[in-house]
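Working through the structure, step by step
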Amino acid sequence: MNTYDYDNALHYMIWGQWDDLLVLMVRTNDEFLSKKIETFLHACYYPSRHKDRLHSHEALLSYIDHAQTTTIESFSL
């Protein structure tokens, strides 16, 4: 798994670089990351409820954190 995908996703989220986040969504090999990014971008573009946007934001951040710690642990073994 490419750990740069998670770092880039976090960077793009923090700085609001939605175009780059969309490109990452298409190019990543991590299907879960791609789906989380898709859900987040959809919530940002079609803001039906603020709660949905916050939930998708937190879900994406949580997955990035989980993936980074899992990847780091697998490299250290």
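An account of the accompanying structure is given in this report. What you see is a predicted model, and the numbers here were worked out from it, not measured in a lab.

1. Considering the packing of aromatic side chains
Counted under the stated rule, the structure contains 4 aromatic pairs. Both rings, one in Phe32 and one in Tyr63, keep their centres 6.5 Å apart while their planes meet at 50°; by these two values the pair is tilted. On the criterion of sequence distance, the pair formed by Phe32 in helix α3 (residues 31-45) and Tyr63 in helix α4 (residues 50-76) is long-range, its members being 31 residues apart. Exposure remark for Tyr63: the relative accessible area of 16% places this residue in the buried category. Each residue in the set Tyr6, Phe32 and Tyr63 is aromatic and connected to the rest through ring pairs, giving one cluster.

2. Points about the environment of His11
Relative to the helices and strands, His11 resides in helix α1 (residues 3-15). Since its relative accessible area comes to 37%, His11 is described here as partly exposed.

3. Thoughts on α3
The terminal C-alpha atoms of α3 lie 21 Å apart, and with 15 residues this matches the ideal 21 Å at 1.5 Å per residue to within 8%. When we look at burial in α3, the residues that qualify are Leu33, Ser34, Ile37, Phe40, Leu41, Ala43 and Cys44. Measuring from the side-chain oxygen of the N-cap residue of α3 to the backbone nitrogen of Phe32 gives 3.1 Å; that N-cap residue is Asp30.

Calculation rules
- Residues numbered from 1 in each chain as written.
- Predicted model: local features only at pLDDT ≥ 70, side-chain atom pairs only at ≥ 80, totals over all residues.
- Heavy atoms only, no water.
- Phe/Tyr/Trp six-rings, centres within 6.5 Å; stacked < 30°, edge-to-face > 60°.
- Helix = DSSP H or I, 4+ residues; strand = E, 2+ residues; numbered from the N terminus.
- Buried < 20%, exposed > 50% of the residue type's maximum accessible area, 1.4 Å probe, protein only.
- Expected span 1.5 Å × (residues − 1).
- Polar contact = N/O pair within 3.5 Å; in protein donor to acceptor, adjacent residues only side chain to side chain.

Just geometry here; none of it tells us what the structure is for.
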